[in-house]
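Examining the three-dimensional arrangement
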Amino acid sequence: MIKYELIKVVKSPIFIILLLFFVTLNGLIIFDHKNERKNLPVLQNIVEQYGTKIDDKALAGMKKEIDYEMVWVNRLNPKSEKQYQFPYEFIKDHEAFLYQHLMDRELNRLFNLNLFTQYYETAKSVDDIYSELDATEFARQQIKKYGLSGKAEETVLNQANLLEKRLKQLVKNGEHRHFFYLGPVYEMHSLLFKKLGRAIAFEGMILVVLITALLANYEFEHRTSFVAFTSKRGRNLLWDKLAASVIANVFAVMLLIAATLIIYFSVYDYSNLLFVPISSYFNSETPFPYISWWNLSFLQYVCLFVGCLLLSQLLYMLLTFSLSIWLKNSYLVFFSFALFAGVSLWIPSVVSLNSNFILIMHVNPFYLIMNPHVWFMGNNIFTMFPHFEAVTIAVWAVIFVLLGFISMYKFKRQPLN
Amino acid sequence: MLIVDHVSKYYGNFIALENVHLQFDNGIYGLLAPNGAGKTTLMKMLVTLIFPTKGEIRYNGENIIHLGSKYRELLGYLPQQFGYYKHYSPAKYLLYLSALKGISKHEAKEKIPKLLKLVGLEDVMHKKMRKFSGGMIQRVGIAQALLNDPKILILDEPTAGLDPTERARFRKLLTQLANDRIIILSTHIVSDVESIANEIIMIKDKTILYKKPIRELCQLLSGRIYETAADFQDAEIFRKRFATISEKQENGQMIFRFVSDEQPNENWKSVEPTLEDVFLHVYGEGALA
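Here is a short report on the structure shown in this document.

Reading the values: the criteria
- Residues numbered from 1 in each chain as written.
- Chains lettered and ligands numbered in written order.
- Predicted model: local features only at pLDDT ≥ 70, side-chain atom pairs only at ≥ 80, totals over all residues.
- Heavy atoms only, no water.
- Helix = DSSP H or I, 4+ residues; strand = E, 2+ residues; numbered from the N terminus.
- Contact = heavy atoms within 4.5 Å.
- Areas by Shrake-Rupley, 256 points an atom, 1.4 Å probe, with all protein chains shown as cover.
- Expected span 1.5 Å × (residues − 1).
- Buried < 20%, exposed > 50% of the residue type's maximum accessible area, 1.4 Å probe, protein only.
- Arc of directions from axis to C-beta.
- Salt bridge = Lys/Arg side-chain N within 4 Å of Asp/Glu carboxyl O.
- Patch = residues over 30% accessible without salt bridge, like charges linked within 9 Å, V, L, I, M, F, W, Y side chains within 5 Å.
- Lys, Arg positive; Asp, Glu negative; His and termini not counted.
- Charge placed at Lys NZ, Arg CZ, Asp CG, Glu CD.
- Polar contact = N/O pair within 3.5 Å; in protein donor to acceptor, adjacent residues only side chain to side chain.

**Notes on the overall build of chain B**
Broken down by element type, chain B carries 11 helices and 14 strands. For the C-alpha atoms alone, the extent of chain B along its principal axes is close to 70 × 45 × 35 Å. Sequence-distant contacts in chain B: of pairs separated by 6 or more residues, those separated by 24 or more amount to 65%. For chain B, the computed accessible surface area is about 13,300 Å², with 47% contributed by carbon and sulfur atoms.

Below, the structure written as structure tokens:
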């Protein structure tokens, strides 16, 4: 029976059209700032030559390369008598000259060298930066920013202590001492996990609600419920619909994620960076760097990210399925789902900021997808718990599964008029 | 044997059916009542779409709700509003419904062409149902009800949309099927059941008024049905005085068919009561005394 239910989804062209539309949209997001990221290969060259780990050998090699190239830089302007140590000094003093006299090839070489130097300088200063990092101070700033007080403040500060410990462990592991695309310049983490991650989450949500509501309400909307639910399979048909929903939704969401990631990784080369810790300093885009609760490589983080995305979509599927059982009308289901999502996001904004209730209210499946770029990290005071994502998914999975069973129980005993 | 054991159905304060008690053996039963009398409610309870508020329905001694799929696999049901997938062909739709009914694909593929031939749809079995007429859809509905060779066949207004030839074919089909199964046929069209039903069930005032063979029902009006001619100017007076069942114009006069307990006069011609007389009398002027 599951096969027949799946055919109903496949036969609805809206899903194929939507899926293609979403992938195109994500493609546009990916290509949107491609020009600003045209110097990304500089890092690939560094990594190929020196590896991803920042150590004395790598730094010495880089310095040697800079010195060698600076000989060429110092010869670029014959009128200049000053000998420069670093390309950014030269660029600063000869801005007008560069664009008037240098060829594109020379300009590229100069700017790439400048970027190379930036990687070198940053790598040199990593340890100093981390020695001054203070998770508690970061938490205090955030507490002040959002106006938390009382028990909520206390809880966040306790969590900041945990983050402090993790920070020490991170430094000890040397997770921060790895080359990665320069966060402040390229914001690759935000592009992949925030812009695209959030887009996929919302697109997936639309697909999931549509697919689930279509399957669950199909017999009612085609007026075939009387024949279908009086057959031998009867109201157990809903179990087939649930199974088909899981399969169709997992397939649709995975297709969306896979297509988006394939485009992303085809455009931006991560081949040498897959095993770089996600907490590398180079990945940070704000003064307080990303700190994952565990030592995760970029690849592991992507896998966890995909898993979390998929599970959150399954939560939406469970909610939609239950709503469909009660409402039996796709439009009402869409409206109710949107209302539920809206209320879930609105409640935390009106809850008192001095009790832990404000933090509990953030444990909801809709808030979860608002900040996917800080999943499994201690960078958001409202989600500053090592297992925030797992707990949110588990708690709501239990709630929605229970709601599903209650709905099924009700459906088996309700009159079908 | 299917027993509706003192069943009542309430929707809040609204009484849809009250204390209905019926027993069905193999044969055709015509459920005859005007629209809104509770036929569909009774049928929906028989197919487990809705549940009795009081009483229970038993098949071979067991409550049909407890029997669950064991009961439903014996069931063939054509609802009043038969829904279908417009983008499916009859063959494909029946294949899907076969799966729902627990029929193997192999068996279904053998059965479906035969059933579609039986209802005269063999030429269009692979055409999408989008452009089918109401009558054609109704025939698909009849075919699907027969898919699992049901022991209990419940048909709610099955002849709606069928032309006279199709109706006749359908009646013949039911007669052939009635030997070894219970067929319950709801209708408000007397001719649908007049020639084929073993028993007629009439619902009035939310409960069962009669469950009798047609002959016995007609005997209730035996000697009380007359026909007479009257001038047009006297027609209104006649209507007020007698419970007219039907009237027609013939040779410039009105011919009345009516029920009367009065002593007949020489102008009245006593006629044999028909099921239609009973139906019109029961629902037109109140139940028979």
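Back to the write-up after that little detour.
**A closer look at helix 8 (residues 135–146) of chain A**
Residue and element names in this part refer to chain A. Taking 1.5 Å per residue, 12 residues should reach 16 Å; helix 8 reaches 16 Å between its end C-alpha atoms and fits that length. Within helix 8, the full set of buried residues consists of A135, T136, F138, A139, Q142 and I143. Down the axis of helix 8, the buried set is contained in an arc of 155°. They therefore lie on one face. Seen from the buried face of helix 8, the exposed residues on the opposite side, beyond 90 degrees, are K144 and K145.

**As for the pattern of salt bridges**
Scanning all chains against the criterion turns up 23 salt bridges over all chains. In this structure, the salt-bridge partner of R109 of chain A is E69 of chain A, at a minimum N-O distance of 3.0 Å. In this pair, R109 of chain A sits in helix 7 (residues 104–132) while E69 of chain A sits in helix 4 (residues 56–74), placing the two residues 40 residues apart along the sequence. R109 of chain A gets classed as partly exposed once you look at its relative accessible area, which sits at 35%. On the accessibility criterion, E69 of chain A (14% relative accessible area) is buried. Here R257 of chain B makes a salt bridge to D277 of chain B, at a shortest N to O gap of 2.6 Å. Taken together, the residues R257 of chain B in strand 13 (residues 253–259) and D277 of chain B in helix 11 (residues 275–285) connect sequence positions 20 residues apart.

**Let's talk about a positive patch on the surface**
On the surface, a cluster of positive charge is contributed by K11 and R223 of chain A together with K86, K92, K128, R130 and K131 of chain B. Examined against the element boundaries, K128 of chain B turns out to sit in the loop between helix 5 (105–118) and helix 6 (134–146).

**Section: a nonpolar patch on the surface**
Residues and elements named next belong to chain A. Residues W326, L327, L332, V398, L402 and I406 make up a contiguous nonpolar surface patch of about 560 Å² in total accessible area. When residues in the nonpolar patch are grouped by element, the largest group, 3 residues, is from helix 18 (residues 388–413). In this fold, W326 is placed in helix 14 (residues 298–327).

**Focus: helix 15 (residues 330–350) of chain A**
All names here are of chain A. With 21 residues, helix 15 extends 30 Å between its outermost C-alpha atoms, agreeing within 8% with the 30 Å of an ideal straight helix rising 1.5 Å per residue. Buried residues of helix 15: S330, V333, S336, F337, A341, S344 and P348, and no others. Its side-chain oxygen 2.9 Å from the backbone nitrogen of Y331, N329 forms the N-cap of helix 15.

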